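Descriptive structure summary
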Amino acid sequence: MNGDITQSQEWAELAKHHDELAGKHLRELFAEDPGRAGRMTLTAGDLHLDYAKHRATEETIDLLVALAERAGLRERVSAMFGGEHINVSEDRAVLHVALRMRENAELVVDGQDVVGDVHAVLDRMSAFSDRVRSKEWRGATGQPISTVVNIGIGGSDLGPAMAYEALRDYADAGIEARFVSNIDPADITGTLAGLDPATTLFVVSSKTFTTLETLTNARVARSWLVAALGEDAVSRHFVAVSTNAEKVAEFGIDPENMFGFWDWVGGRYSYDGAIGLSLMIAIGPERFREMLSGFREMDQHFRTAPFKANMPVIMAMLGIWYTDFFGAETRAVLPYSQRLHRFPAYLQQLTMESNGKSVRADGSPVTVATGEIFWGEPGTNGQHAFYQLLHQGTRLVPADFIGFAEPYEDREGMHDLLTANLLAQTSALAFGRTAEEIAGEGTPAEIVPHKVMPGNRPTSTILAPKLTPSTLGQLVALYEHIVFVEGTVWGVDSFDQWGVELGKKMALDLAPALTSDEPPTSFPDASTEELVKKYRELRGRRV
Ligand SMILES: O=P(O)(O)OC[C@H]1O[C@](O)(CO)[C@@H](O)[C@@H]1O
């Protein structure tokens, strides 16, 4: 729908329904309808979703689905998969879904054979990864590669870093991957620590190849390598992933060793393409393709399942329900898997860079809150840190719990204990403990209020058989599509990120004021002027 969806009949009906339902406790909802536990579940690929512990009834779901219809979700999904320019502010198609299409699929967009090009790059990545993994690719001194260092930031870092951590049990060629992103010198120093230049391969990953942090880290890495092995070693130790061949060549990386992608892949949606090269080298092309098949499975589900049985649609619409009707400020993502410890950070970019917008795609201001704030930590660590607030605080924090039936490797029954914690938490959050129950245990009256667990705190639980390349792909695609659905309802362009540009430019403009010999004379504002002066003083520079 164009215009303000909050003016629609569907929105008004949801607002009314919210007034009726908001006072109800999950305990009541379960008492009235015990069958909801069995009914309010969904399957997509290997993922099982339990959404019964939401402050929602069948009627809520019907109304939310009606809102999604009203927002034109159906047409938007076709438009994305068909390669229409739905990224309007940059006039681009949005085709991360093409990165995992089968080789025999057909998609020609703006005269480009998208699927053919995707597979040509995948084949080159596979061939290169195989050469590195089999030790055919050698460094300048003839030694094989033992560490791959990905240099990138944002989408050119978080995706492969998250996925490498998630799948590191599958890294079977004895090649470690490391990731450096921050322009803080401590990051590259830590990353290079203990590495041997002769056995290190750098993958410089940058869509634009103009990003300050990445190019600076790459220059530092280059100097480190050249100091040890000489200038001629660069071509054996540096490859690039980018859409910008010219800049790659300018940096001194042989275009033969560049793996491309296209402007229709957003950075935060890109690690299942060439940006995943470091991951592919670590886990191998076969596992990487298994991951792509997982993505594809979720794409297929998203594209074809009726909205009421569509996992991304239901999870996204519940996100809208809490954000815009209950006024929830954030959403916790709590993976009961140590391997997914970077997943919340990855989702932060995915969701917040995509939907953190105040104007709709047509430039008109939004009239409701947009952009869920995702945050989280793996269970059970979070339990011993911030769950207190989740259980007894004054805020409503809907949470996604993610668990797996099988560990990669168990130790003395630890995995079952991990899962028991997940299940205990979602139950306690939903149903809590009443004052009567607590008093009934003999708790002194003055302590009872402290121990009351209000409950009524909504959660989704996602269960999968095991964390594998395929289930990881399914999980990531699930959240990509959640972001898409929410963006569609809010009417924002989920694929641009203009909000990060100003700060980047100002940092470049400010740098000379920090480093110049002469005290600077112009500043962006009075507060920054004071801070620049303090910084110079602390650095022993003239003020
Ligand atoms: O891959 P690049 O062009 O270096 O950009 C890195 C990141 O910077 C951003 O543009 C935001 O600063 C992200 O969208 C992107 O993932």
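What counts, and where the lines are drawn
- Residues numbered from 1 in each chain as written.
- Predicted model: local features only at pLDDT ≥ 70, side-chain atom pairs only at ≥ 80, totals over all residues.
- Heavy atoms only, no water.
- Helix = DSSP H or I, 4+ residues; strand = E, 2+ residues; numbered from the N terminus.
- Rg over C-alpha atoms; globule rule 2.2 N^0.38 Å.
- Buried < 20%, exposed > 50% of the residue type's maximum accessible area, 1.4 Å probe, protein only.
- Contact = heavy atoms within 4.5 Å.
- Areas by Shrake-Rupley, 256 points an atom, 1.4 Å probe, with all protein chains shown as cover.
- Lys, Arg positive; Asp, Glu negative; His and termini not counted.
- Charge placed at Lys NZ, Arg CZ, Asp CG, Glu CD.
- Expected span 1.5 Å × (residues − 1).
- Arc of directions from axis to C-beta.
- Axes fitted to C-alpha atoms, helices over the stretch in contact; angles between N-to-C directions.
- Parallel < 35°, antiparallel > 145°, perpendicular 65-115°, else oblique.
- Left-handed = near helix turned anticlockwise from the far one by under 90°.
- Nonpolar A, V, L, I, M, F, W, Y, C, P; charged D, E, K, R; others polar.
- Core = buried A, V, L, I, M, F, W, Y, C linked by side-chain atoms within 4.5 Å.
- Domains from an automatic or database assignment.
- Pairing = 2+ DSSP bridges.
- Salt bridge = Lys/Arg side-chain N within 4 Å of Asp/Glu carboxyl O.
- Near = heavy atom within 4 Å.
- Polar contact = N/O pair within 3.5 Å; in protein donor to acceptor, adjacent residues only side chain to side chain.
- Patch = residues over 30% accessible without salt bridge, like charges linked within 9 Å, V, L, I, M, F, W, Y side chains within 5 Å.
- Phe/Tyr/Trp six-rings, centres within 6.5 Å; stacked < 30°, edge-to-face > 60°.
- Lys NZ or Arg CZ within 6 Å of the ring centre and 35° of its normal.

The helix and strand tally for the protein chain stands at 22 helices and 13 strands. Taking 24 Å as the expected radius of gyration for a compact globule of 543 residues, we find that the protein chain reaches 25 Å, a close match to that expectation. Seen through its principal axes, the protein chain has C-alpha atoms that stretch 75 × 65 × 55 Å. Burial analysis of the protein chain (543 residues in total) assigns 53% to the buried set. A separation threshold of at least 6 residues defines the contact pool for the protein chain, and within that pool the share at least 24 residues apart is 73%. On the protein chain, roughly 23,000 Å² of surface is accessible, and the fraction owed to carbon and sulfur atoms is 52%. Between the averaged position of the 50 positive side-chain charges in the protein chain and that of its 75 negative side-chain charges there is a distance of 3 Å.

Our focus in this paragraph is helix α1 (residues 9–21). For an α-helix, the turn length of 3.6 residues means that residues three or four places apart are oriented alike. Between the first and last C-alpha of α1 there are 18 Å, a value that for 13 residues agrees with the 18 Å anticipated at 1.5 Å per step. Here α1 has its buried residues at Glu10, Trp11, Leu14, His17, His18 and Leu21. The arc enclosing the buried residues of α1, seen along the axis, measures out at 125 degrees, which places them on a common side. Of the residues in α1, the exposed ones pointing more than 90 degrees away from the buried face are Gln9, Lys16 and Asp19.

Here the focus is the packing of α1 against helix α4 (residues 58–70). For any two helices packed against each other, the geometry comes down to the angle between their axes and how far apart the axes lie. It is the contact of α1 with α4, at a shortest axis distance of 9 Å, that shows an interaxial angle of 160 degrees. Viewed along their axes, α1 and α4 adopt a mutual orientation that is roughly antiparallel. Note that α1 runs across α4; the crossing there is left-handed. Note on element contacts: α4 touches α1 through Glu59, Thr60, Leu63, Leu64, Ala66, Leu67 and Arg70, opposite Glu10, Trp11, Glu13, Leu14, His17 and Leu21. Of the residues belonging to the contact of α1 with α4, the class tally is seven nonpolar, two polar and four charged.

In this structure, Tyr271, Trp321, Phe343, Leu472, Leu475, Leu478 and Tyr479 are the most contacted members of the largest nonpolar core, which totals 129 residues. Broken down by element, this core gets its largest block of residues, 12 residues, from helix α20 (residues 469–490). Summarising the domain contributions, this core has at least three residues from each of domain 1 (5–71 + 305–496) and domain 2 (96–288). In terms of nonpolar packing, the next biggest core, distinct from the first, is built from 21 residues, Phe209, Leu215, Val234 and Phe238 among them.

Moving on to the sheet that holds strand β8 (residues 238–242). A sheet is described by the order of its strands in space; here five strands give the open sequence β6-β5-β7-β8-β9, paired in parallel fashion. Where the open sheet ends on each side, the last strands, each with one partner, are β6 (176–180) and β9 (258–260). In this sheet, neighbouring strand axes are inclined to one another by 20 degrees on average, regardless of whether the strands run parallel or antiparallel. Across five bridges, the pairing between strand β5 (residues 147–151) and strand β7 (residues 200–205) is parallel. What sits directly across from valine 148, in β7, is leucine 201. Its contacts with the sheet put helix α7 (residues 158–166) on β5 and β6, and the angle it makes with β6 is roughly 145 degrees.

Glancing now at the packing of helix α5 (residues 73–81) against α20. In contact at an axis separation of 10 Å, α5 and α20 are set at 125 degrees when each is read in the N-to-C sense. On the basis of the axis angle, α5 is oblique to α20. Crossing of α5 against α20: the hand is right-handed. Contacts between α5 and α20 pair Leu73, Arg76, Val77 and Met80 from the former with His481, Phe484, Val485 and Thr488 from the latter.

This structure, assessed with the given rule, holds 36 salt bridges. For arginine 133, the salt bridge goes to aspartate 172, with nearest N and O atoms at 2.8 Å. Placement of the pair is arginine 133 in helix α6 (residues 114–133) and aspartate 172 in the loop between α7 and β6, with a sequence separation of 39 residues. Arginine 133 gets classed as buried once you look at its relative accessible area, which sits at 18%. A salt bridge links arginine 287 to glutamate 290; the shortest N-O distance between them is 3.8 Å. In this pair, arginine 287 and glutamate 290 both sit in helix α13 (residues 285–304), three residues apart, roughly one turn of the helix. Among the residues examined, glutamate 290 registers a relative accessible area of 29% and is labelled partly exposed.

Another aspect to go through is the site of the ligand. Around the ligand, 14 residues are found, and the nearest of them are Ser156, Ser206, Lys207, Thr208 and Thr211. Within the side chain of glutamine 349, one N or O atom sits 3.2 Å away from an oxygen atom of the ligand. Within the side chain of lysine 504, a nitrogen or oxygen atom sits 3.3 Å from an oxygen atom of the ligand. Here the ligand loses 88% of its free accessible area of 400 Å² to cover by the protein chains. Partitioned by chemical class, the residues of the shell around the ligand number two nonpolar, nine polar and three charged.

Take a nonpolar patch on the surface next. Side chains of Ile183, Leu212 and Leu508 sit close together on the surface and give an oily, nonpolar patch of about 250 Å² of accessible area. With respect to the element layout, leucine 508 can be found in helix α21 (residues 501–515).

Here we come to the domain arrangement of the protein chain. If you check the domain split of the protein chain, you get domain 1 (5–71 + 305–496), domain 2 (96–288) and domain 3 (501–539). Relative placement of domain 2 and domain 3: their C-alpha centres are 34 Å apart.

Scanning all chains against the criterion turns up 26 aromatic pairs. A centroid spacing of 4.9 Å and a plane angle of 25 degrees characterise the contact between phenylalanine 202 and phenylalanine 238, whose relative ring orientation is stacked. Linking phenylalanine 202 in strand β7 with phenylalanine 238 in strand β8, this pair joins segments that are 36 residues apart in sequence. Across the pair, phenylalanine 238 and phenylalanine 202 agree in class, each one buried. The interplanar angle of 40 degrees and the centroid separation of 6.4 Å between the aromatic rings of phenylalanine 484 and phenylalanine 495 together place this pair among those described as tilted. On the criterion of sequence distance, the pair formed by phenylalanine 484 in helix α20 and phenylalanine 495 in the loop between α20 and α21 is long-range, its members being 11 residues apart. Residue classification places phenylalanine 495 among the buried residues on the basis of a relative accessible area of 8%. An aromatic cluster of at least three residues, connected via ring pairs, comprises Tyr271, Phe295, Phe343, Tyr346, Phe374 and Tyr479. Positioned above the aromatic ring of phenylalanine 30, the side-chain terminus of arginine 36 is 5.0 Å from the ring centre.

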